[in-house]
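Letter by letter, the chains look like this.
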Amino acid sequence: MPEDGAAPVGPAVAASPAVSVVIPTRNRADLLQQAVDSVFAQTVADWELVIVDDASEDATPESLARLTDPRVRVIRLEQHAEQSKTRNTGARAARAPLTLSLDDDDLLPPGALEAHLDAHRRYPGVIASIGGFVAFDQRGHRRLRRPIRRACRRNIWRDVLFGWQAVAGQCAFRTEALARIGWWDESFLRVTDQELWARLSRHGTVALTPAIVLQY
């Protein structure tokens, strides 16, 4: 059941935010704080953040209790669930027309949400927007990946069929489209994003943007 933080401070809560960021998390208090900070650093403020705590046993509940911004909602699962169920719990609670699911060890660059919103305004009716990402590791290695050099609207079903995929954190999904296909399949423990796209990509086109929207 949703649990609010302390007394609301900061920006007022919009009746319907432009985009919902969902962060599933379990026992990663330090990494989670960095992911949350990256949402607060966005160049647009019309977002909500839904954090789903998957029965964490570390300092995560205490850390989340300190989040007082009214745009943040916390859902605590009392029994451990797998990632797809945790992700779905947050996505189903999303109030915005767009949903972005961010893993707790990933980061959003400051302009990520703005780039997604611009893509959806430019190509209305797409089922999702997909941007580029920078992959990094603990040794400092970085690799840049862009899906395309110039923004466009495209049917990617054949690309997905032949193995192309986008991870959830680089996509802003139309929430209604996720609901239409039944969200992430909770029977899958791995390749969850690939399985989702195998179903979702048959339901419409996507907006591809060269903007870097994820540090992965």
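### Here we look at the overall build of the chain
Within the chain, the secondary structure is distributed over seven helices and 10 strands. By the compact-globule yardstick of 17 Å for 216 residues, the chain fits well, its C-alpha radius of gyration being 16 Å. On the principal axes, the C-alpha backbone points of the chain span a range of 45 × 40 × 35 Å. Here the analysis covers contacts within the chain between residues at least 6 apart in sequence; of these, 77% occur between residues at least 24 apart.

### A few points about the pattern of salt bridges
Scanning the model with the defined rule gives 13 salt bridges in all. Between Arg73 and Glu48 there is a salt bridge whose closest N-O contact spans 2.9 Å. With Arg73 in strand β4 (residues 72-77) and Glu48 in strand β3 (residues 47-54), this residue pair connects regions lying 25 residues apart in the sequence. The pair formed by Arg73 and Glu48 is uniform in burial state, with each residue classed as buried. The salt bridge partner of Arg71 is Asp69, with a shortest N-O separation of 2.9 Å.

### Some points on helix α7 (residues 192-200)
Taken together, the buried positions of α7 are Thr192, Asp193, Glu195, Leu196, Trp197 and Leu200. Buried residues belonging to α7 abut α3 (83-93), β6 (128-136), α5 (157-161), β9 (171-174), α6 (175-181) and β10 (206-215).

### Some thoughts on the packing of aromatic side chains
In total, this model carries four aromatic pairs according to the counting rule given. Pairwise contacts between aromatic rings join Phe173, Trp184 and Trp197 into one cluster. The ring centre of Trp47 lies 3.8 Å from the NZ or CZ of Arg71, which sits over that ring. If you follow Arg87 out to its NZ or CZ, it ends over the ring of Trp184, 5.1 Å from the centre.

### A closer look at the side chain of Glu195
Looking at the secondary structure, you find Glu195 in helix α7. Since its relative accessible area comes to 13%, Glu195 is described here as buried. Those residues within four positions of Glu195 in sequence are excluded, and the remaining contacts are Asp185 and Phe188.

### What to know about the environment of Glu82
When you line up the elements, Glu82 lands in the loop between β4 and α3. On the basis of relative accessible area, Glu82 is assigned to the partly exposed category, the value being 44%. Glu82 sits 104 residues away from Glu186 along the chain, and the two C-alpha atoms are 7.7 Å apart.

### Describing the nonpolar core
Counting 29 residues, the largest nonpolar core has Ile23, Leu49 and Leu102 as the members making the most contacts within it. At the level of elements, β2 (19-25), α1 (29-40), β3, β4, β5 (98-101), α4 (112-122), β6 and β10 are the ones that each hand at least two residues to this core. The residues contacting Leu102, other than those within four sequence positions of it, are Val21, Val22, Ile23, Pro24, Ala35, Ser38, Val39, Leu107, Leu108 and Leu214. Counting residues in hydrophobic clusters, the runner-up holds 21 residues, among them Cys152, Ala168, Cys171 and Val206.

### Focus: the confidence of the model for the chain
Residues at a pLDDT of 70 or more form 93% of the chain, whose mean pLDDT is 91. Within the model, pLDDT remains below 50 along residues 1-12, and this stretch shows 20 contacts once partners closer than five positions in the same chain are excluded.

### Here's the deal with the pairing of β3
A large share of β3 lies buried, amounting to eight of its eight residues. Burial along β3 is two-sided: the residues Trp47, Leu49, Ile51 and Asp53 and Glu48, Val50, Val52 and Asp54 are all buried. Two strands pair when backbone bridges link them, and β2 and β3 are joined in this way by seven bridges, in the parallel orientation. Its bridge partner lying in β3, Ser20 is registered against Glu48. After leaving β2, the chain enters α1 and then returns to the sheet as β3, a path that is right-handed. With helix α2 (residues 60-65) bridging β3 and the parallel β4, this β-α-β connection has right-handed handedness.

Rules used in this analysis
- Residues numbered from 1 in each chain as written.
- Predicted model: local features only at pLDDT ≥ 70, side-chain atom pairs only at ≥ 80, totals over all residues.
- Heavy atoms only, no water.
- Helix = DSSP H or I, 4+ residues; strand = E, 2+ residues; numbered from the N terminus.
- Rg over C-alpha atoms; globule rule 2.2 N^0.38 Å.
- Contact = heavy atoms within 4.5 Å.
- Salt bridge = Lys/Arg side-chain N within 4 Å of Asp/Glu carboxyl O.
- Buried < 20%, exposed > 50% of the residue type's maximum accessible area, 1.4 Å probe, protein only.
- Phe/Tyr/Trp six-rings, centres within 6.5 Å; stacked < 30°, edge-to-face > 60°.
- Lys NZ or Arg CZ within 6 Å of the ring centre and 35° of its normal.
- Core = buried A, V, L, I, M, F, W, Y, C linked by side-chain atoms within 4.5 Å.
- pLDDT = per-residue confidence, 0-100.
- Pairing = 2+ DSSP bridges.
- Right-handed = clockwise from strand over helix to strand, strands pointing away.

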